[in-house]
Amino acid sequence: MSEMTPTRHDIMDRLAPYLLGVEKPGRYVGGELNTVVKPDDEVAVRVALAFPDVYEVGMSYHGFQILYELVNAVAEFQAERVYTPAPDFEAVLREHAIPLYTLETKRPLRETDVLAFSLPHELNYTNILTMLELGEVPVFSHDRTASDPIVIAGGHGAFNPEVLADFVDAFVIGDGEWALLQILETVKAWRKGQSPTGERQLVRYRGDGTRARRRAVPTFDSDEALNRRSWLREGAVSREDLLLSLAQIPGVYVPRFYECRYRPDGTLEKIVPTHPEVPAVVTKTNFDLRTHWGSVRPVVPLMRVVHDRFAIEIKRGCMTGCRFCQAGMITRPLRERSPQQILEIAREGIRNTGYEEISLLSLSSADYSQIIPLTRLLRAEFAQRGISLSLPSLRINAFDVELADEIGSVRKSGFTFAPEAGTERLRRVINKVVDEERFERTIEEVLKRGWRTLKFYFMCGLPTETQEDLDGIIRITEKAIELGKRYAGRNFQLNVSISPFVPKPQTPFQWHAQPTIEELERIYAYVESRLNKRYASLKKHNVYQSVIEGVLSRADRRVCSALYRAWQLGCRFDNWDESFRYDLWMQAFAETGIDPHWYACRERSRDEVLPWDHISASLGKDFLWKEKERSERAAVTTDCSTTKCAGCEACDFKEVKNILSAKEDGLVEELRREQKRKPEVPSPVSRIRFTYARRGALRYISHLDFARAVTLVLRRTELPLAYSHGFNPQARVQFAPPLPLGFLGEQELVDVWFTEPLLAEVALEAVRRIPLDGLEWLEASTVPLSAPALGADVVAADYRVAVGTDLIPPKLAERRIRDFLAAESWPIEIRKKDGTRRRDLKRSVQAIEWSATGSEVVFSVRMSFADNEHVNPVVALGHVLGLDLSARTHAARITLHLRSKPAPLLTA
Ligand code: SF4
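Source: prediction; values computed, not measured.

Undergrad: Looking at this structure, how should I read the overall build of the protein?
TA: The helix and strand tally for the protein stands at 29 helices and 30 strands. Looking at the protein residue by residue over its 908 residues, the buried ones come to 59%. Just so you have it, the protein exposes about 36100 Å², and 49% of that area is on carbon and sulfur atoms.

Below, the structure is given as structure tokens:
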């Protein structure tokens, strides 16, 4: 590290001048609710959980939250988070030589012990290289030394890890929960042994001195069998020793200990271990959901993210057996949580987050064996508190009207269905059987109950697809439109989404050719030409992106060079339409001698060695091939959790087997007591005005995001908050006029309504118990229910704005302010999204003073709120001084002036 390279101590200081100049600065500041930061001297191993997409996407990824809590529950481990910087922030980091850092301790990635990437999608892979380089971690595994972090990766992408083999030191195959803890234990022991001051710890190989057992049979990772333990080999000192130790952990694949040999025709001949102590085949690990609650104290973002709710994983695994679906295949067998456990998780999670929505997460939530009793149970507990339920993934056959009623009883949003294919025959080919008559009945019932927007997902280019199957897509949409018009008239909206079939590793379709771009474009054009565009909108997934996804999905190790070259050429965020560069990818393939068509659009034979043959998802290759053959006969394989075993080999039928909550738990006590209560919304009887200070990272989030964060804090207090009426009940909270982005607030105001009489001291004490970085509750007082709305009551505010003397010398400031005060009027133009407005600044600025302190000129400005449009005081000051002050100031709102005089404030 060079002497000039910033450390964690000054990264935020270095960034401060640029943060307000980038889009959504809240992505980069941390300080969210439930963030964990441990004292440095208590941390033995530090892991940065890295997500290769922007903050708002990564924060919605449930697996990330599970690992964050799991690791932080261990006293001497610290999990931190890092997300891919958007291109504008990447440019700032590069321009000012600031390393990419973790959100918790603002530590450069190079200073962590382990960097653990999630691999949710192939089109995120170039972002991994960006994060490594920005974090000052060598991009290539072979360039890393003992002082660099160990780079690991897990998630769906790890089931074909070869395309990242040059960059990632070790992959976790399967459920990552216990495997990650064991990796951290092993790294801890290794670091301890390395310490020049500490005595070298020679941890015995596997605890009992025996060699690692090859995992021929998959087992559930029970606490006893795979609890936190070190796998460090005796005498392990070098980084190579450590990696060899990691390769002993069940489910961990270290690519450097495997060699790929190729035939003259370019296909693989074999993949062989180069060290006698690594397994020939690495088998995935399974996690038993019943042994752990998962995420109950997730980090709650301060800004809006893709999925902003409390998520509960109700089951893992989906036994429908869709033949194109990698997620369904690699997560076998089925493991359901009991309704009782889900209820307890929900209670704890809502208490810890204050969220207004509970999402029941899984690959196919409506297939959960007790879905109706579960939704009733949760509704009985939470509906009165305005907390809604959502099921993110629905399969038509599993969906029924009763379930629609249960979900719709609190909040109605659009309904999503994924028939995937247009005809019964093709749906049998892919093993996603949908009874069309029942489907129509369900649509009808959903529309009758007031739902107005439907969303259909289809795939195209599926194996054996014909013109008739495409016509089937049109027929289904026509039927839905006919029903929509009948029940919803003009309000009906159908959103149809089509995306290309991409063959995935570890599925029965892994041998198939992917359709070419020309074929896909022809299909798109046909569907588009026949769709009723008056009622249906069509969203087409980018076919060029699909081809790159197809190449990376089934790539071997040779494609690493093309991935690296594409990244060097500038490929970033390949999953975003606006930044995806097909031309650069093609250039990278050409320069590295990779034929993308050979990887994506080539049919494989049964005996071809596949690049992931040494990675086992516990599924027999024979089973997958048999399923492929069955698909060619349109033969259906039934759900093995409710019918008979299909012989996929995922179970050992002792420890590892399908676990249905219905069979094990029966009816829970709460269900017996459950009453069909209509949610009532009690009226407010008291109103309390809080005064608070808003500082630190909170200055970088918008007013809407801040208001939401404060509302979540209020909800977490469990005080009797009052709610609005209607389908979408909101807590009754009213803020003073918004604070501009980047401003601190010294004495801000918020009014909160309650359904019970409440002492202001009690309320103040309750909110103070919920910590949020940068939010300080100062005072509370009771306000009459009939008092004017806070927004209308604020007539003026005092601001303090500090500007460097390099920008405005004191003498010049004095002259400009004198001119302003002497002027009759001061017309300015303010540019808004919807046009330019003219205003007289003399009406907005009620008073202005200044003083010089060392290197700054500090202005005190009183701005009026009397006009409808309040002028940003920094903008106003810029007009007075004749300067562009954007992002060059320190600004704070000091006081709010009210028209009415509120009840005396209670000083705590
Ligand atoms: S082994 Fe049999 S029961 Fe177990 S997941 Fe596979 S098909 Fe189902």
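Undergrad: Would you explain the site of the ligand in this entry?
TA: Near the ligand, the surroundings consist of Met319, Arg332, Cys640, Cys645, Ala646, Gly647, Cys648, Glu649, Ala650, Cys651, Phe653 and Asn658. Each residue belonging to the shell around the ligand can be placed in one class, and the counts come to 8 nonpolar, 2 polar and 2 charged.

Undergrad: Would you take a moment to explain helix α16 (residues 517–530) for this structure?
TA: Residues lying three or four places apart along an α-helix face the same way, a consequence of the helix completing one turn every 3.6 residues. For α16, spanning 14 residues, the distance from its first C-alpha to its last is 20 Å, which sits close to the expected 20 Å at 1.5 Å a residue. What α16 keeps buried is the set Ile517, Leu520, Ile523, Tyr524 and Val527. One side of α16 holds all its buried residues, which, seen down the axis, span an arc of 125°. Those residues of α16 that are exposed and aimed more than 90 degrees away from the buried face are Glu518, Arg522 and Ser529. In this structure, the buried side of α16 is in contact with β16 (453–460), α15 (467–488), β17 (493–500), β18 (536–540), α17 (543–553) and α19 (582–592).

Undergrad: Where do I start with the packing of aromatic side chains in this structure?
TA: Each aromatic ring pair is described using two quantities: the centre-to-centre distance and the angle formed by the ring planes. Going through the model one piece at a time under the given rule, you end up with 29 aromatic pairs. Relative to Tyr83, the ring of Tyr55 lies with its centre 5.2 Å away and its plane at 75°, an arrangement referred to as edge-to-face. Of this pair, Tyr55 sits in helix α2 (residues 55–58) while Tyr83 is found in strand β2 (residues 77–83), placing the two residues 28 residues apart along the sequence. Assessed through its relative accessible area of 2%, Tyr55 is described here as buried. With a relative accessible area of 6%, Tyr83 lands in the buried category. A ring pair is formed by Phe580 and Tyr582, whose centres lie 6.4 Å apart and whose planes are at 45°; its orientation type is tilted. Cluster of aromatic residues (ring-pair linked, three or more members): Phe51, Tyr55, Tyr61, Phe64 and Tyr83. Above the face of the Tyr262 ring, Arg558 is positioned so that its terminal group lies 3.8 Å from the ring centre. In this structure, Lys842 is placed above the aromatic ring of Phe820, and the distance from its NZ or CZ to the ring centre is 4.9 Å.

Undergrad: For this particular structure, what's the right way to read the pattern of salt bridges?
TA: Should their charged atoms come close, side chains of opposite charge can pair. One pass over the full model with this rule turns up 64 salt bridges. Of the charged contacts in the structure, one is a salt bridge between Lys540 and Glu528, with a shortest N-O distance of 3.0 Å. Taken together, the residues span a long stretch of sequence, with Lys540 in strand β18 and Glu528 in helix α16 at a distance of 12 residues. Residue class for Glu528 comes out partly exposed when judged on its relative accessible area of 29%. When salt bridges with common partners are traced through the structure, they connect Asp40, Arg46, Glu80, Arg107, Arg110, Glu111 and Glu136 into a single cluster.

Undergrad: Would you mind going over the confidence of the model for the protein with me for this structure?
TA: Where the model shows low pLDDT, its predicted coordinates should not be examined in detail. Here the protein shows a mean pLDDT of 88. Residues at 70 or above account for 90%. Note that residues 1–5 has pLDDT below 50 and, in this model, 5 contacts with residues that lie over four places away or in other chains. Every residue in residues 195–226 is under pLDDT 50, and counting partners more than four places away or in other chains gives 71 contacts.

Undergrad: Would you explain the environment of Pro39 in this entry?
TA: With respect to the helices, strands and loops of the structure, Pro39 is situated in the loop between α1 (11–19) and β1 (45–51). Under the relative-accessibility criterion, Pro39 is labelled partly exposed at 40%. The spatial distance from the C-alpha of Pro39 to the C-alpha of Gln78 is 9.5 Å, given a sequence separation of 39 residues.

Undergrad: Please explain α1 as it appears in this structure.
TA: Those residues of α1 that fall on the buried side of the exposure criterion are Ile11, Leu15 and Leu19. Down the axis of α1, the buried set is contained in an arc of 50°. They therefore lie on one face. Buried residues along α1 sit in contact with α4 (87–95).

Cut-offs and rules
Residues numbered from 1 in each chain as written. Predicted model: local features only at pLDDT ≥ 70, side-chain atom pairs only at ≥ 80, totals over all residues. Heavy atoms only, no water. Helix = DSSP H or I, 4+ residues; strand = E, 2+ residues; numbered from the N terminus. Buried < 20%, exposed > 50% of the residue type's maximum accessible area, 1.4 Å probe, protein only. Areas by Shrake-Rupley, 256 points an atom, 1.4 Å probe, with all protein chains shown as cover. Near = heavy atom within 4 Å. Nonpolar A, V, L, I, M, F, W, Y, C, P; charged D, E, K, R; others polar. Expected span 1.5 Å × (residues − 1). Arc of directions from axis to C-beta. Contact = heavy atoms within 4.5 Å. Phe/Tyr/Trp six-rings, centres within 6.5 Å; stacked < 30°, edge-to-face > 60°. Lys NZ or Arg CZ within 6 Å of the ring centre and 35° of its normal. Salt bridge = Lys/Arg side-chain N within 4 Å of Asp/Glu carboxyl O. pLDDT = per-residue confidence, 0-100.

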